[in-house]
Amino acid sequence: MAEEGTEDLGNKGELTNPSVTELYDPEVADLPKTDVEESAESGADGGDTGAPTASYTAEGEEEEEGEVPADFQRLWKLTSDNPQDFNSWTDLLQYCEQEGHVRACRQALNAFLLRYPLCYGYWKKFADLERRAGHVDKAEEVCEQGLKAIPLSVDLWIHYINLLLGTLNMNLPESTQRIRSVFEEAVAAAGWDFHSDRLWDLYAEWEKEQGNLNFMTGVYDRVLRVPTQLYNTHYEKLKTHLTSHPPQDVLSLEEYSKVRNEYKQSQIQAKKERPDISAEEEERPPGEEEPADNGKDSEEAVQKMQELLMVSREELYQQNEAEVRKRWNFEDAIKRPYFHVKPLDRAQLKAWQSYLDWEIAEAETAAVDAEGTAVEGLEVSKQECVAGLKRVLILFERCLIACALYEEFWNKYVHYLAPHGLEEVRKVYRRACEIHLPYKHSIHLQWASFEEKHGNITEAQRILESLEMTVPGLAAVRLRRVGLERRAGRLNAAEALLKETVEKSKDNPQLHAFYSIKLARFLHKLCKNPSRARTVLQEAIELSPDNGRLYQNLLELEMSGDLLANGGVVLQCVAKALAAPLSPKTKILFSQRGLQFAEDFGTTVQSVLSMYEEHQKLLKEHDAKRQAENGDNDDPEKMSKMDDASALTVPQTAPPTMPPNVPMTTPPPSMMGGDMSGSYGSYGSWYQQQYGGYGSYQNPWNQYNQYYPPS
């Protein structure tokens with residue numbers, strides 16, 4: 001891109017030609033592999049976990065310079081200890097460049113570009129390093145590798161072309177053909193970028209230097225259809241080019257024949273419409289033939305044909321200018337179109353989002369118009385539809401250069417590509433997860449879900465295992481692995497993963513309790529083994545006796561069994577929780593559950609009364625503690641007002657009467673003004689008021705979101 005900085009800035013993308021939509025389909029760059037990467041290929045290749053040791057060397061250069069400079073190892077160690085520190089990398093690269101040590105520079109650049117392949121300036125430095133060392137082939141190879149990683153980089157394409165122009169023997173016909181083919185690759189990959197003007201100009205001027213004026217015309221005709229920043233400059237150059245040379249020199253044979261015929265037809269039509277044709281023009285002497293056509297056009301003919309040429313191109317120019325005007329404000333709002341690790345401000349992120357949304361809407365409108373176009377205009381409509389789609393894809397690739405570290409844009413790209421094919425989506429996920437976002441677990445989880453959804457279980461397992469090696473200790477990742485194995489029908493593998501996690505988390509009681517609950521649920525609900533589930537929870541309680549969720553889940557486990565046979569076990573579980581070092585509110589919760597259980601399933605009334613007395617005791621202790629904390633007991637005036645209000649609001653009611661010969665199965669409500677502390681009758685009133693609270697009890701299985709670390 002024309003605005004892309006000089007050293008640590010870069011671009012991303014690669015153009016391919018699918019059969020229907022011509023999707024822009026960047027591939028993961030074939031970067032030089034490191035020892036660490038090669039050792040990880042068999043399993044975890046989802047991210048960088050350590051500092052690599054570069055293996056890329058030029059032939060015959062392994063030992064030419066001996067030991068690396070003195071401070072190299074110190075700076076290298078800084079990047080090894082913290083490979084995400086961009087400043088450490090730039091310090092290392094600057095030092096190597098100052099020392100001029102080829103092997104050290106090669107090692108540092110190789111490792112750096114493995115992690116930051118969008119920094120096209122360093123690809124240029126790498127190529128120049130190899131060229132100065134006399135390795136022209138290696139310099140070309142470095143440029144090609146860089147262009148696989150960032151095919152939208154106009155600067156890198158120009159650097160590569162200039163490298164070829166400076167090293168190839170241009171007297172050989174194959175050299176000219178190779179340069180032209182590289183130019184074609186460049187404009188195919190980066191020619192639709194809004195800032196690709198320098199590339200088009202270089203291509204046109206090179207064709208002019210080769211004496212191929214008609215090829216030069218073809219280049220300008222192509223860019224005339226592409227909305228770029230300097231669209232007007234291209235048009236003016238094209239006009240100058242067409243009016244400075246005879247038409248037969250600047251046009252292809254086919255177009256020249258076409259425009260010459262148009263000129264002749266216009267002349268014939270003009271003669272028919274002129275009433276004042278002279279006698280000499282109207283008839284000739286007998287035997288005299290028409291003047292022979294010597295293949296040269298008169299000045300008048302040349303001028304008329306040039307006018308005809310500009311008429312058709314003026315229409316294209318006007319259409320292209322309209323497209324540029326639509327995009328100008330969006331382009332003007334983008335201040336940093338290159339890659340950098342520094343965060344973008346909110347205005348820049350919003351500008352990219354708005355631009356993408358608008359371009360997508362434009363493409364969708366073109367597609368709708370193409371569907372409703374008549375048959376005679378179908379071909380043109382299809383071309384417009386494909387052009388709209390290509391603009392969207394190019395804009396996404398440009399966005400993912402500047403916003404490569406923002407996963408919301410990768411997700412947006414995936415969502416847009418989903419209707420076009422699975423492989424396109426897979427390639428985007430691979431670029432995002434394996435190159436730019438190796439430590440962002442959310443997009444890795446989405447990738448794994450995508451692969452699982454489409455039946456690629458093995459790949460989903462590999463993604464999750466690789467992520468867990470890169471970012472160890474995330475509960476969300478381990479539970480996703482467990483869920484994947486469970487959904488695949490491998491319950492033994494899922495259980496083994498949970499057991500392993502429970503064992504490894506014993507140093508963290510809170511996390512150990514979380515995984516123990518997960519394992520207990522798994523054993524109870526899926527393996528139908530409540531005995532093993534009970535053992536897991538009891539062992540976890542021994543390690544974390546103050547964790548109320550363990551008691552809650554143990555209580556749920558016991559209540560899910562045969563209540564007639566295990567009623568005593570449930571009450572024992574409640575008693576154990578009440579004796580544990582839990583908070584007063586948690587104990588009240590367990591007491592209420594125990595009281596409700598005794599009322600619903602208790603076999604003796606004594607169990608109901610004892611649970612009620614225990615519950616009242618806990619409530620009084622909690623109220624007393626709360627009043628002490630709020631200082632209510634120290635305010636006699638406030639207490640007096642409360643007593644007066646209570647006296648005014650409590651109505652005088654008579655005790656209810658019972659119908660004759662009806663046995664009393666529940667205790668009667670207490671008399672107004674009676675003792676509420678321990679009488680049997682007070683339980684009935686409390687029960688009527690509080691029993692509905694059971695419905696508000698939340699299922700403890702769904703309360704563990706706080707265990708997941710923030711994204």
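Residues numbered from 1 in each chain as written. Predicted model: local features only at pLDDT ≥ 70, side-chain atom pairs only at ≥ 80, totals over all residues. Heavy atoms only, no water.

Regarding the overall build of the chain
- The helix and strand inventory of the chain stands at 31 helices and zero strands.
- Among the 711 residues that make up the chain, the fraction classed as buried is 46%.
- Counted over contacts in the chain with a minimum sequence separation of 6, partners at least 24 positions apart contribute 65%.
- Accessible surface for the chain amounts to roughly 37200 Å². Of this, 50% is attributable to carbon and sulfur atoms. (Helix = DSSP H or I, 4+ residues; strand = E, 2+ residues; numbered from the N terminus. Buried < 20%, exposed > 50% of the residue type's maximum accessible area, 1.4 Å probe, protein only. Contact = heavy atoms within 4.5 Å. Areas by Shrake-Rupley, 256 points an atom, 1.4 Å probe, with all protein chains shown as cover.)

Section: the side chain of Gln 461
- Turning to its location among the elements, Gln 461 is positioned in helix H21 (residues 457-470).
- Relative accessible area serves as the criterion here: at 17%, Gln 461 is assigned to the buried category.

Description of empty space enclosed by the protein
- Following the criterion strictly, the structure yields two cavities of 30 Å³ or more and no others.
- Considering only enclosed or pocket space, the largest cavity measures out at about 120 Å³ in volume.
- Lining the largest cavity are Trp 192, Asp 193, Phe 194, Pro 227, Arg 327, Glu 331, Tyr 355, Glu 359, Arg 391, Ile 394, Leu 395 and Arg 398.
- Those elements that provide at least two residues to the lining of the largest cavity are helix H15 (299-333), helix H16 (346-371) and helix H17 (378-402).
- Of all the elements, H17 adds the most residues to the lining of the largest cavity, at four residues.
- Residue composition of the lining of the largest cavity, by class: six nonpolar, no polar and six charged. (1 Å grid on protein atoms, 1.4 Å probe; cavity = no way out; pocket = protein on both sides within 12 Å on 5 of 7 lines; lining within 4 Å. Points joined across faces, edges and corners; volume = space filled by probe spheres on them. Nonpolar A, V, L, I, M, F, W, Y, C, P; charged D, E, K, R; others polar.)

Points about the pattern of salt bridges
- Applying the stated rule across the entire model yields 38 salt bridges.
- Among the ionic pairs, Arg 106 bridges to Glu 130, the shortest N-O distance being 2.9 Å. Taken as a pair, Arg 106 in helix H4 (residues 102-115) and Glu 130 in helix H5 (residues 120-132) lie far apart in primary sequence, 24 residues in all. Taken as a pair, Arg 106 and Glu 130 share a single burial class, namely buried.
- Across the pair Asp 201 and Lys 237 runs a salt bridge, and its minimum N-O distance is 3.5 Å. Of the two residues, Asp 201 is situated in helix H9 (residues 197-209) and Lys 237 in helix H11 (residues 231-244); the sequence distance between them amounts to 36 residues.
- Judged by relative accessible area, Asp 201 falls into the buried class, the value being 14%.
- Among the residues examined, Lys 237 registers a relative accessible area of 32% and is labelled partly exposed.
- What emerges from the salt-bridge pattern is a single network uniting Glu 465, Glu 468, Arg 478, Arg 481, Glu 500 and Lys 504. (Salt bridge = Lys/Arg side-chain N within 4 Å of Asp/Glu carboxyl O.)

Describing the packing of aromatic side chains
- Here the structure, examined in full by the defined rule, presents 22 aromatic pairs.
- Judged by centre distance (6.1 Å) and plane angle (55°), the rings of Trp 89 and Phe 112 are tilted. Of the two residues, Trp 89 sits in helix H3 (residues 86-99) while Phe 112 sits in helix H4, which places them 23 residues apart along the sequence. Take Trp 89 and Phe 112: they sit in the same class, and that class is buried. (Phe/Tyr/Trp six-rings, centres within 6.5 Å; stacked < 30°, edge-to-face > 60°.)

Here's the deal with the packing of helix H24 (residues 509-526) against helix H25 (residues 530-543)
- H25 packs onto H24 with a crossing angle of 170° between their chain directions and a minimal axis gap of 7 Å. In terms of axis orientation, H24 runs roughly antiparallel to H25. Residue-level contacts link His 512, Ser 516, Ile 517, Leu 519, Ala 520, Leu 523 and His 524 of H24 to Pro 530, Arg 532, Ala 533, Val 536, Leu 537, Ala 540 and Leu 543 of H25.
- Its residues assigned to classes, the contact of H24 with H25 shows 10 nonpolar, three polar and one charged. (Axes fitted to C-alpha atoms, helices over the stretch in contact; angles between N-to-C directions. Parallel < 35°, antiparallel > 145°, perpendicular 65-115°, else oblique.)

Describing the confidence of the model for the chain
- Looking at the chain as a whole, the pLDDT averages 79, with 74% of positions reaching at least 70.
- Within the model, pLDDT remains below 50 along residues 1-23, and this stretch shows 104 contacts once partners closer than five positions in the same chain are excluded.
- This model gives residues 26-64 a pLDDT under 50, and the stretch forms 94 contacts once residues within four places in sequence are excluded. (pLDDT = per-residue confidence, 0-100.)

A word on the side chain of Ser 591
- Along the chain, Ser 591 turns up in helix H28 (residues 584-601).
- If sequence neighbours within four positions are ignored, Ser 591 has contacts with Leu 578, Met 611, Glu 614, His 615 and Leu 618.

Some thoughts on the nonpolar core
- Judged by nonpolar contacts, the single largest core of 80 residues is most densely connected at Phe 72, Leu 92, Phe 112, Trp 157 and Leu 199.
- With residues near it in sequence (within four places) discarded, Trp 157 still touches Leu 147, Pro 151, Val 182, Glu 185, Ala 186, Ala 189 and Ala 190.
- Judged by nonpolar contacts, the second largest core, of 45 residues, contains Phe 396, Tyr 413, Tyr 416 and Ala 432. (Core = buried A, V, L, I, M, F, W, Y, C linked by side-chain atoms within 4.5 Å.)

Some remarks on helix H19 (residues 422-436)
- Here H19 contains 15 residues, and its C-alpha end-to-end distance of 21 Å stays within 8% of the 21 Å for a straight helix at 1.5 Å per residue.
- The complete set of buried residues in H19 reads Glu 424, Val 425, Arg 426, Val 428, Tyr 429, Arg 431, Ala 432, Cys 433, Ile 435 and His 436. (Expected span 1.5 Å × (residues − 1).)

Thoughts on unusual backbone geometry
- Even without a glycine there, the phi angle at Lys 528 is positive, about 55°.
- By the secondary structure assignment, Lys 528 is in the loop between H24 and H25.
- On the basis of relative accessibility, which here comes to 65%, the residue Lys 528 falls in the exposed class.

What about the packing of helix H22 (residues 475-487) against H24?
- Taken N-terminus to C-terminus, the directions of H22 and H24 make an angle of 10°; their axes are 12 Å apart at the nearest point. One way to sum up the angle between H22 and H24 is to call them roughly parallel. Note that H22 runs across H24; the crossing there is right-handed. Residues Ala 475, Arg 478, Leu 479 and Arg 486 of H22 form the contact with H24, whose participating residues are Phe 514, Tyr 515, Lys 518, Phe 522 and Leu 526.
- The class makeup of the residues in the contact of H22 with H24 is six nonpolar, no polar and three charged. (Left-handed = near helix turned anticlockwise from the far one by under 90°.)

A few points about H9
- The end-to-end C-alpha distance of H9 is 18 Å, a good match for the 18 Å that 13 residues give at a rise of 1.5 Å each.
- Along H9, the residues classified as buried are Asp 197, Leu 199, Trp 200, Asp 201, Tyr 203, Ala 204, Trp 206 and Glu 207.
- Elements that come into contact with the buried residues of H9 comprise helix H7 (154-167), helix H8 (173-190), helix H10 (213-223) and H11.
- Just past H9, the residue Gly 211 takes up positive phi, approximately 80°.

A few points about the environment of Ala 347
- Within the secondary structure layout, Ala 347 lies in helix H16.
- Judged by relative accessible area, which is 54%, Ala 347 ranks as exposed.
- Taking the C-alpha atoms as reference, Ala 347 lies 9.8 Å from Lys 335; in sequence the two are 12 residues apart.

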